[in-house]
Each structure stands twice: as C-alpha cells, then as structure tokens.
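Summary of structural features
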Amino acid sequence: MSINLQDQYDKIYRYCYFKVRNRQIAEDLTQETFLKYFNQTSYINRGKSLSYLYTIAKNLCIDFYRKSNREEGLKEEVLGNDDISTFETNLAIRQAVSTLPPDLQELLLLRFANELGINEIANIMKISRFAVYRKLNKAFDLLKTRLREEDFLWDIT
Amino acid sequence: MGYNLKKELKSAFDAPPPTRKAQFLSQLDYPKASRTQFIISQLGYIRKRVWILSILLFICTLLGIYFYNVPTSLVWGVSSVLPFISLVSISEIVRSTTYNMEELEMSCKFSFLEVSLVRLGILGVTNFTVLIGITLILMGKTDLGLIRLGIYLTTPYLLSCYGSLFAINRLKSRETLYICGGVTAFVSLLNTLLTMQINEFFSERYWVHWVISFIILAALSAKEIVKLIRKMEELQWNSSLTA
C-alpha cells in the first residue's frame, strides 16, 4: 500500500544518479538509503514521511563527495552533458536543464521527474513552500529563455 | 509553461536503468503487511454497536415477518428504520473528528485516507448485506419485485446518507454527529408521515417519484462521498512502507 517500493527505488536511484552521475555509485547509494531507512524502525512504525527517504539519500550523496573529496567534480558533472547523448529524450530540454543552477535542476527533478508534492520538496530542500514556488517559476523562466535562444520553444508550448 | 515542457522535463532526468534492483528488493527485509491483514485489522476498530444494531435490525425484521402478516406496513416500517443504520455508519466517519483522533490516525503506518476508506468499505458491505437480506426476505412476503422493494427501502436510507455527508463535508465540530442524528430522525419521521398522509404511497401511482428520488439521491450521495475523499486526500501526510 502507499509507497510502492519498486517505484520508490527508481525515484531514489534517479535522484542519486542526478547527484553523482555514475550508475554504479548511484545504485550503491540508493540501496544504502533503503537499508538505513529500514534500520530506523521507530520512523517506520510511526509512518515517517517520504521526505525522510530523500534526506537520507541526499546526506549519503554529500557524504560520498566528502569522503572522496569530489565536491568540485559534482559541480562540473552536474553542469556537463557527457551523458546526454546516451538517452533518447529531447536533447534541447536536457541541455537547457543542464545549464540551470544545480538547486533549480534538483527542484525540477523532484517536482516533475519524481512527482513530489510542494510540501515534500520544501522539507527535502529545507526551504519554505513559498520559496519552492518562487524557485519553480524562476526555473521555468530560465528554461524558457534558454529554449527560446535555441529556437526550440515551438516544440514545447 | 505548457504541458509538453512538463512532460519533457520528466524524461529529461532519466537515468540509465538500475541493474541490481530486483535482486536487492527481493533480499530486502522490511516490515510487510498484506492488504488482507490491513482490512482484518480495521474490523477490530469498528465499534460493536454497528454490528449489534445491524444484527438487531435484521432479527427484528425476521420477527416482524414471522409475527405480523402486514407486508405493506412492514415496508415503510423497515424503510423508516434503515436510516438509523446509516447513522451508525456515519458516526464512524465523524468519530475521528469527534474524539480528536485525526492526528493519531494520520501518524500511523497507513494514511488517513486508506484507513477511512477501508472502514467505510467494511461498513458499506455490512449495510449492503443487511439491505439485501431484508429485501430478499420481504420479497417473499410481498407482491413487490426485487428492484421495486430495493428502491422503497434504499431511498430514505440514501436521503439520510446524503444529509449526513452534506453536514460532515461542511461542518467540523463535535456537534456534527448530533446534526446527523437530527437528519436521520427527520428522514425517518418524514417517511412515516408521508406513508400515513399519502394513500397508496407504495403503489404504482408514485413509482416514478420513487425512481427519480432514488436516482437524484444516489447521485448526490456519490458526489458527497467524492468530496469527502478529496478532503481526506489533503490529510495524506504520512507514508507506509508495505508491499
């Protein structure tokens, strides 16, 4: 019921992949997230919110970069587009998204790819609901501008 | 921003498919509870009075049929009592609000909506069983057919349901239950008075009125139930990790 574990695995994996840009590491972090979550039995029995799962994943990704001292690498990889050609989705959108600041990219991922609610996003990103709305609008505006520059807007409106 | 962009954004974050997912999930040890276990657990939370009243009504109808051989008066009698069955079920819905249990229920393993819907489902099945049982018993004793008898019995029940749900969806206080009680008593009284005042109330002459009332009340009740579910969805804060 409620959480479909299969579905959540994919979503957490997608989130971790977005953070680390490496399939193996993303999957390791995803599995560690679930193991940590289920070790906290007190949280499970009280029905802890979904955002707790994401908080664990986020902290594990941060820990990973701290340990391997790859903070700079993260920035470069998030902004880069090395993996873009791997997938068959709209390249223009992918490229436009990759030019956005990392926090806006994360916001778009949580909202549209992982389909989380505004409250949950606010909890994960530790910002207010109002800030979530504001950042979403900003992300859309930036995305629109980038796509217009690339002359791709006809395809998306 | 257009719908297409939102759709494209969804795929813009696609990651290469995970390779160890199935193996990991099959080995993962986490608290599991099947749907059946969940439904059975909720049976225990429905108050005894619901079961007792449903059984009492059923037994009373059986006794009524056995001792009195006045089928038509029995139809209005039963249809006047049935709204009280709906009241007992409705009291289960408002119980969370009445006893400030919402927060407690929302913090449990299952979402508030799921808990409420499962309980409503159990109550619905119970009411339906009682209703069908009574209809079948009365059918053998009167000249009325299954559909006709069903409509005679369920229309006052639906009116009571609609009135109570209307109050629940718009009021949020401990007094809601009393209002629902008032609605039920009014419906029951109205049914009795109409039967006494209008001759041949259960005859062919008023059949169309009954059918129209039934359809309208069924639609209105369904609308209120949808509204109630939407209201509960807003309270879906927690998550459970069961499969």
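None of these values were measured; they are calculated from a predicted model.

Along chain A, the regular secondary structure elements total nine helices and zero strands. Of the regular secondary structure in chain A, the N- to C-terminal order runs α-α-α-α-α-α-α-α-α. Burial status across chain A gives 50% buried among its 157 residues. Surface summary for chain A: the accessible area is close to 7900 Å², and the carbon and sulfur share equals 46%.

All told, the structure shown has 12 aromatic pairs over all chains when counted by the stated rule. Between Tyr9 of chain A and Phe34 of chain A, the ring centres sit 6.0 Å apart and the planes meet at 15 degrees, which makes this aromatic pair stacked. With a gap of 25 residues between them, Tyr9 of chain A in helix H1 (residues 5-20) and Phe34 of chain A in helix H2 (residues 23-39) connect regions that are remote in the sequence. Per residue, the accessibility class of Tyr9 of chain A equals that of Phe34 of chain A, and both read buried. Ring geometry for Tyr162 of chain B versus Phe166 of chain B: centroids 5.9 Å apart, planes at 55 degrees, classification tilted. Of the two residues, Tyr162 of chain B and Phe166 of chain B both sit in helix H8 (residues 146-170), four residues apart, roughly one turn of that helix. Here a set of aromatic residues connected by ring pairs shows up, and it is made of Tyr9 and Phe34 of chain A together with Phe24 of chain B. In this structure, Arg170 of chain B packs its charged tip against the face of Phe166 of chain B, placed 3.8 Å from the ring centre.

As a further point, take the pattern of salt bridges. Enumeration over the complete set of coordinates arrives at 10 salt bridges over all chains. For the salt bridge of Glu115 of chain A with Lys11 of chain A, the shortest nitrogen-to-oxygen distance reads 4.0 Å. You can see Glu115 of chain A sitting in the loop between helix H7 (102-113) and helix H8 (118-125) and its partner Lys11 of chain A sitting in helix H1, a full 104 residues away along the chain. Among the residues examined, Glu115 of chain A registers a relative accessible area of 47% and is labelled partly exposed. For Arg66 of chain A, the salt bridge is made with Asp63 of chain A, and the minimal N-O distance between the two is 3.9 Å. Here the residue Arg66 of chain A and the residue Asp63 of chain A both occupy positions in helix H4 (residues 50-68), the gap between them amounting to three residues, near one helical turn. Taking the relative accessible area as the measure of exposure, Arg66 of chain A reaches 61% and is therefore exposed. Here the residues in one salt-bridge network are Asp7, Lys11 and Glu115 of chain A together with Lys10 of chain B, joined through shared partners.

What follows is about unusual backbone geometry. All names here are of chain A. In the Ramachandran plot, Arg21 falls in the positive-phi region, its phi being about 55 degrees despite a non-glycine side chain. Judged by relative accessible area, Arg21 falls into the partly exposed class, the value being 23%. The phi torsion at Glu115 lies on the positive side, around 50 degrees, for a residue other than glycine.

This next bit is on the confidence of the model for chain B. Residue and element names in this part refer to chain B. Averaged over chain B, the pLDDT score is 76; the fraction of residues at 70 or greater is 81%. Put simply, helix H6 (residues 102-106) is where chain B has its lowest mean pLDDT, 53, and helix H2 (residues 21-27) is where it has its highest, 86. For this predicted complex, the interface confidence reaches an ipTM of 0.74, while the overall pTM sits at 0.50.

With that out of the way, let us pick up the nonpolar core. Formed by 58 residues in total, the largest nonpolar core has its most connected members in Phe34, Leu108, Leu110 and Leu143 of chain A together with Leu9 and Phe13 of chain B. It is H4 of chain A that provides the largest number of residues to this core, a total of 10 residues. The residues contacting Leu110 of chain A, other than those within four sequence positions of it, are Tyr15, Tyr54, Glu115, Leu116, Ile121, Ile124 and Met125 of chain A. In terms of nonpolar packing, the next biggest core, distinct from the first, is built from 21 residues, Ile65, Val75, Leu131 and Tyr206 of chain B among them.

Analysis parameters
- Residues numbered from 1 in each chain as written.
- Chains lettered and ligands numbered in written order.
- Predicted model: local features only at pLDDT ≥ 70, side-chain atom pairs only at ≥ 80, totals over all residues.
- Heavy atoms only, no water.
- Helix = DSSP H or I, 4+ residues; strand = E, 2+ residues; numbered from the N terminus.
- Buried < 20%, exposed > 50% of the residue type's maximum accessible area, 1.4 Å probe, protein only.
- Areas by Shrake-Rupley, 256 points an atom, 1.4 Å probe, with all protein chains shown as cover.
- Phe/Tyr/Trp six-rings, centres within 6.5 Å; stacked < 30°, edge-to-face > 60°.
- Lys NZ or Arg CZ within 6 Å of the ring centre and 35° of its normal.
- Salt bridge = Lys/Arg side-chain N within 4 Å of Asp/Glu carboxyl O.
- pLDDT = per-residue confidence, 0-100.
- Core = buried A, V, L, I, M, F, W, Y, C linked by side-chain atoms within 4.5 Å.
- Contact = heavy atoms within 4.5 Å.

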